[in-house]
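Read off the chains here:
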Amino acid sequence: MSKPTLSITVSGIKKTYADRPVLENLTFTVPKGSIYTLLGSNGAGKTTTIRILTTQIPADKGEVEIEGYSVSKKLPLLC
């Protein structure tokens, strides 16, 4: 397996709470060796995104890979 050039790949993440969409088609990448931050107003979905990336909650739809490993398929949820 080759080394990934991206540390984080998020593709089409969707999350809703009580029929209220919080994240819709969230897609971004973070290149290996880079430092990024999430900025946004209250209710923008920053905490929800981090909770999905850290496997605290599952995404309703979409894929997340960290260092080439699928978070949604290979890692157990921590909740």
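The residue numbers shown here count from 1 along each chain, following its written sequence. The predicted origin of the model limits local features to residues at a pLDDT of at least 70 and limits the giving and counting of side-chain atom pairs to 80 or more, whereas totals for whole chains, interfaces and linings rest on all residues. With hydrogens and water set aside, each side-chain value is computed from the structure's full complement of heavy atoms.

Where an unreviewed UniProt entry is consulted, the chain appears under the name ATP-binding cassette domain-containing protein, with the organism given as Candidatus Blautia avicola. UniProt positions are given in the numbering used here, feature names are shortened, and annotations may be inferred rather than shown by experiment. Checking UniProt for the chain, the heading Sequence similarities (unreviewed entry) contains the comment "Belongs to the ABC transporter superfamily."

1. Considering the overall build of the chain
To qualify as a helix, a DSSP run of H or I must reach at least 4 residues; to qualify as a strand, a run of E must reach at least 2; elements of each kind are numbered from the N terminus. For the chain, the count of helices and strands is 2 helices and 4 strands. Order of helices (α) and strands (β) in the chain, N terminus to C terminus: β-β-α-β-β-α. Any pair of residues with heavy atoms lying within 4.5 Å of one another is described as a contacting pair. A sequence separation of at least 24 residues applies to 47% of the contacts in the chain between residues at least 6 apart. Per-residue and other accessible areas were derived by the Shrake-Rupley procedure at a 1.4 Å probe size, with only the shown protein chains allowed to occlude residues. Carbon and sulfur atoms make up 55% of the accessible area of the chain, which totals about 5,700 Å².

2. Digging into the sheet that holds strand S1 (residues 6-17)
By the convention used here, strands pair only if DSSP detects at least 2 bridges between them. In space, the 4 strands of this open sheet follow the order S2-S1-S3-S4, with antiparallel pairing throughout. Strand pairing shows two members of the sheet lacking a second neighbour, strand S2 (20-31) and strand S4 (69-70), which therefore form its edges. Bridge count for strand S3 (residues 61-66) against S4 is 2 bridges, and the pairing is antiparallel. Across the sheet, Glu65 pairs through a bridge with Ser70, a residue of S4. Sheet contacts for helix H1 (residues 46-53): S1, S2 and S3; angle to S2, the most-contacted strand, approximately 60 degrees. Axis definition: a line fitted to C-alpha atoms, over the contacting stretch in the case of helices. Angles run 0 to 180 degrees between N-to-C directions.

3. Regarding the layout of surface pockets
A 1.4 Å probe that fits into a set of points on a 1 Å grid over the protein atoms alone but cannot get out defines a cavity; an open set with protein on both sides within 12 Å along at least five of seven lines defines a pocket, and lining residues are those with an atom within 4 Å of a point. Grid points are joined across faces, edges and corners, and a volume is the space filled by probe spheres set on the points. Approximately 230 Å³ is the volume found for the largest pocket. Taken together, 15 residues line the largest pocket, and the ones lying closest to its centre are Ile8, Phe28, Val30, Tyr36 and Thr37. Elements that contribute at least two residues to the lining of the largest pocket include exactly S1, S2 and H1. When residues of the lining of the largest pocket are assigned to their parent elements, the largest contribution, 4 residues, is made by S2. Side-chain classes follow a simple rule in which Ala, Val, Leu, Ile, Met, Phe, Trp, Tyr, Cys and Pro form the nonpolar group, Asp, Glu, Lys and Arg form the charged group, and the remainder, Gly included, forms the polar group. Of the residues in the lining of the largest pocket, the class split is 9 nonpolar, 5 polar and 1 charged.

4. Notes on the side chain of Lys15
Mapping Lys15 onto the fold places it in strand S1. On the accessibility criterion, Lys15 (9% relative accessible area) is buried. Sequence-distant contacts of Lys15, that is, excluding residues within four places in its chain, are made with Arg20, Pro21, Val22, Leu23, Thr48, Ile52, Ile57, Pro58, Ala59 and Asp60. Note on exposure labels: buried denotes an accessible area under 20% of the residue type's maximum, exposed denotes more than 50%, and partly exposed covers the range between, all computed with a 1.4 Å probe on protein chains only.

5. Brief notes about H1
Because the α-helix completes a turn every 3.6 residues, residues three or four places apart line up on one side. Looking at H1, one finds that the buried residues are Thr48, Thr49, Ile52 and Leu53. Along the axis of H1, the buried residues cluster in a sector spanning 135 degrees; they form a single face. Residue Thr55 follows H1 closely and has a positive phi angle near 65 degrees. This arc is built from the directions going out from the helix axis to the C-beta atoms.

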